[in-house]
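Structure at a glance
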Amino acid sequence: MSKIFNEIVSVSNMAYAYHKSLKGKNKYSSEALDFSMNETYNLSQLRTSLINETYQFDGYMRFKVYEPKERIIDAPHFKDKIVQLAINSVLKEIYQPCFIYDTYACLDNKGTHKAVDRVSYFMRKASWEYGDSTFIVKLDVRKFFYTVNRDVLKRLLPKKIKCKKTLSLLHKIIDSADVIDPLGLPLGNTLSQISTNVYMNEFDQYCKRKLRLKHYIRYADDVVVIVENKERAQDTLQLMIAFLNEELKLNINQKKTKIFPIEQGVNAYGFKIYKTHRLLRNDSKKKIKRKAKKMRRLIEEKKMTVEKAEQILNSWLGHANNGCSHNFIQGLIERNGYIYMNNKGVLKIDTKTQKEGDVNVY
């Protein structure tokens, strides 16, 4: 066995993947409970099937999620999730050093807020370098996960992975999506996350090496580029679209892809970003106002626990605190008398009375 495949199927890596698959609500699923009844034997059998190349993918479980927007999720079965986590833990060590610095989705120590920070920095830097003529290119791929060409992805993998057994296993998982659609990667697959980064890395390298774009940021399929003037922005956008069409077989989202002066700010990664500040996007405000309005009733009807409501509120607060949101947060508290902020800056819920001295201390 090659070194890569050895690492994937090692006892320690399989155990790591198994324990990671038990995080969250997934550990209470019937499949997880059945597997854990005899976990040592089941993990050994799964590992043996990978080594002997008799491993079979069991298909997908389909369901809908509604946040941040309505989407169909095709999730693998429990044992298949273990396999994907085992693969992912090895592949990320191979691929992450190959990715450009300014890609931020599904990577350790990255994420939307760091992408926002980088856009803010690039806007200030480019404005200082180029002056009032500075333009922004905003590009978004149409239905990205659903339109990834799996044949193109399989052609890209051997650039870094030479092991035939590893490639065969990866192809088996990638081809499992044939039962869903001829194109795309299932949103529920752990392997889809690193696969899309491998896929879009081709685009990143083209933009950085061929187009020589200094101020370039990508989060999944959402790209922001800052250039010196309108003409460069127009040329850059056309070249980027051509590469996506011809090399990656992807199409842009026409409504979300545009060029505009830097003074307009850019809607990206959950914020409206300007050179000097950033604001919460209107859709984020509307969603939390709608949720906050319903919370008291849901708690009273025992359809939501206080703990769950506070988790939702503080998760949103963590996001909101990355922008200029003080006044909006204060307004949210004032409009919903059962929500207050304690002295530690944490949003809390009191379904009876607000606690004296804790209100509006933000």
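Given the structure is predicted, the values throughout are model-derived calculations rather than measurements.

**Topic: the overall build of the protein chain**
Looking only at helices and strands, the protein chain has 14 helices and 11 strands in total. With the principal axes as the frame, the protein chain shows a C-alpha extent of 65 × 60 × 30 Å. When burial is assessed residue by residue, the protein chain has 48% of its 362 residues classed as buried. Averaging the positions of the 64 positive and the 40 negative side-chain charges in the protein chain gives two centres separated by 1 Å.

**What about a positive patch on the surface?**
On the surface, a cluster of positive charge is made up of Lys286, Lys289, Arg290, Lys294 and Arg335. Take the positive patch: its biggest share by element is four residues, from helix H12 (residues 282-300). Counting through the fold element by element, Lys289 comes out in helix H12. Take Lys289: its relative accessible area is 38%, and that puts it in the partly exposed class.

**Looking at the pattern of salt bridges**
Per the counting criterion, the structure on display carries 19 salt bridges. Note that Lys79 is salt-bridged to Asp80, the shortest N-O span being 3.0 Å. On the accessibility criterion, Lys79 (22% relative accessible area) is partly exposed. A relative accessible area of 0% means that Asp80 is categorised as buried. Close ionic contact of Lys275 with Glu263 constitutes a salt bridge, the shortest N to O distance being 2.9 Å. In this pair, Lys275 is assigned in the loop between strand S8 (271-273) and strand S9 (278-280) and Glu263 in the loop between strand S6 (258-261) and strand S7 (266-268), connecting sequence segments 12 residues apart. When its relative accessible area of 23% is taken as the criterion, Lys275 is described as partly exposed. Residue classification places Glu263 among the partly exposed residues on the basis of a relative accessible area of 48%.

**A short note on the packing of aromatic side chains**
Under the definition given, this model contains 12 aromatic pairs. Between Tyr18 and Phe78, the ring centres sit 6.2 Å apart and the planes meet at 85 degrees, which makes this aromatic pair edge-to-face. One end of the pair, Tyr18, is in helix H2 (residues 11-21); the other, Phe78, is in helix H5 (residues 78-95), with 60 residues separating them in the sequence. Of the two residues, Tyr18 and Phe78, neither departs from the other in class, the shared state being buried. With 5.6 Å between their ring centres and 65 degrees between their planes, Phe144 and Phe145 make a pair best called edge-to-face. By relative accessible area, which is 4% here, Phe144 ends up buried. A connected cluster of aromatic rings, assembled from ring pairs, spans Phe203, Tyr206, Tyr216 and Phe243. The positively charged end of Lys110 is found above the aromatic ring belonging to Tyr101, 4.9 Å away from the centroid. When the ring centre of Tyr104 is taken as origin, the NZ or CZ atom of Lys110, which lies over that ring, is 4.7 Å away.

**Details of the nonpolar core**
Taken as a class, soluble globular proteins show a tendency for nonpolar side chains to be buried jointly. Within the largest apolar cluster, 73 residues are counted, with the highest numbers of intra-cluster contacts made by Ile82, Ile87, Leu139, Phe203, Met240, Leu244 and Leu248. Those residues within four positions of Ile82 in sequence are excluded, and the remaining contacts are Met14, Ala17, Tyr18, Ser21, Phe35, Leu43 and Leu46. If you look at the next biggest cluster of nonpolar residues, it comprises 39 residues, including Val116, Ala126, Ala292 and Ile333.

**Side note on the sheet that holds S7**
Across the sheet, which stays open at both edges, the three strands sit in the order S7-S8-S9 with antiparallel pairing between neighbours. Edge positions in the open sheet fall to S7 and S9, since each of these has one partner strand only. Sheet twist, expressed as the mean angle between neighbouring strand axes with direction ignored, is 30 degrees. Pairing analysis gives three bridges linking S8 to S9, with the strands arranged antiparallel. Counted as the bridge partner of Ile273 is Arg278 from S9. Relative to S8, helix H6 (residues 112-130) is tilted by about 15 degrees, and along the sheet it contacts S7, S8 and S9.

**Focus: the packing of helix H4 (residues 39-51) against H5**
The geometry of H4 relative to H5 is characterised by a closest axis approach of 11 Å and an angle of 60 degrees between their N-to-C directions. As summarised for this structure, H4 and H5 are arranged oblique, according to the angle between their axes. The interaxial crossing formed by H4 with H5 has right-handed handedness. Note on element contacts: H5 touches H4 through Lys79, Ile82 and Val83, opposite Leu43, Leu46 and Leu50.

**Quick notes on H4**
Here H4 is 13 residues long and its end C-alpha atoms lie 18 Å apart, about the 18 Å a rise of 1.5 Å per residue gives. When we look at burial in H4, the residues that qualify are Leu43, Leu46, Ser49 and Leu50. When H4 is viewed along its axis, its buried side chains cluster within an angular range of 125 degrees and face the same direction. Lining the buried residues of H4 we find helix H1 (3-8), H2, helix H3 (30-37), H5 and helix H9 (164-175). Just past H4, the residue Glu53 takes up positive phi, approximately 60 degrees.

**Observations concerning the confidence of the model for the protein chain**
The predicted model of the protein chain has a mean per-residue pLDDT of 92, with 96% of residues at 70 or higher. Here residues 353-362 scores under 50 on pLDDT; set against residues more than four positions off or in separate chains, the count is 26 contacts.

Conventions we followed
- Residues numbered from 1 in each chain as written.
- Predicted model: local features only at pLDDT ≥ 70, side-chain atom pairs only at ≥ 80, totals over all residues.
- Heavy atoms only, no water.
- Helix = DSSP H or I, 4+ residues; strand = E, 2+ residues; numbered from the N terminus.
- Buried < 20%, exposed > 50% of the residue type's maximum accessible area, 1.4 Å probe, protein only.
- Lys, Arg positive; Asp, Glu negative; His and termini not counted.
- Charge placed at Lys NZ, Arg CZ, Asp CG, Glu CD.
- Patch = residues over 30% accessible without salt bridge, like charges linked within 9 Å, V, L, I, M, F, W, Y side chains within 5 Å.
- Areas by Shrake-Rupley, 256 points an atom, 1.4 Å probe, with all protein chains shown as cover.
- Salt bridge = Lys/Arg side-chain N within 4 Å of Asp/Glu carboxyl O.
- Phe/Tyr/Trp six-rings, centres within 6.5 Å; stacked < 30°, edge-to-face > 60°.
- Lys NZ or Arg CZ within 6 Å of the ring centre and 35° of its normal.
- Core = buried A, V, L, I, M, F, W, Y, C linked by side-chain atoms within 4.5 Å.
- Contact = heavy atoms within 4.5 Å.
- Pairing = 2+ DSSP bridges.
- Axes fitted to C-alpha atoms, helices over the stretch in contact; angles between N-to-C directions.
- Parallel < 35°, antiparallel > 145°, perpendicular 65-115°, else oblique.
- Left-handed = near helix turned anticlockwise from the far one by under 90°.
- Expected span 1.5 Å × (residues − 1).
- Arc of directions from axis to C-beta.
- pLDDT = per-residue confidence, 0-100.

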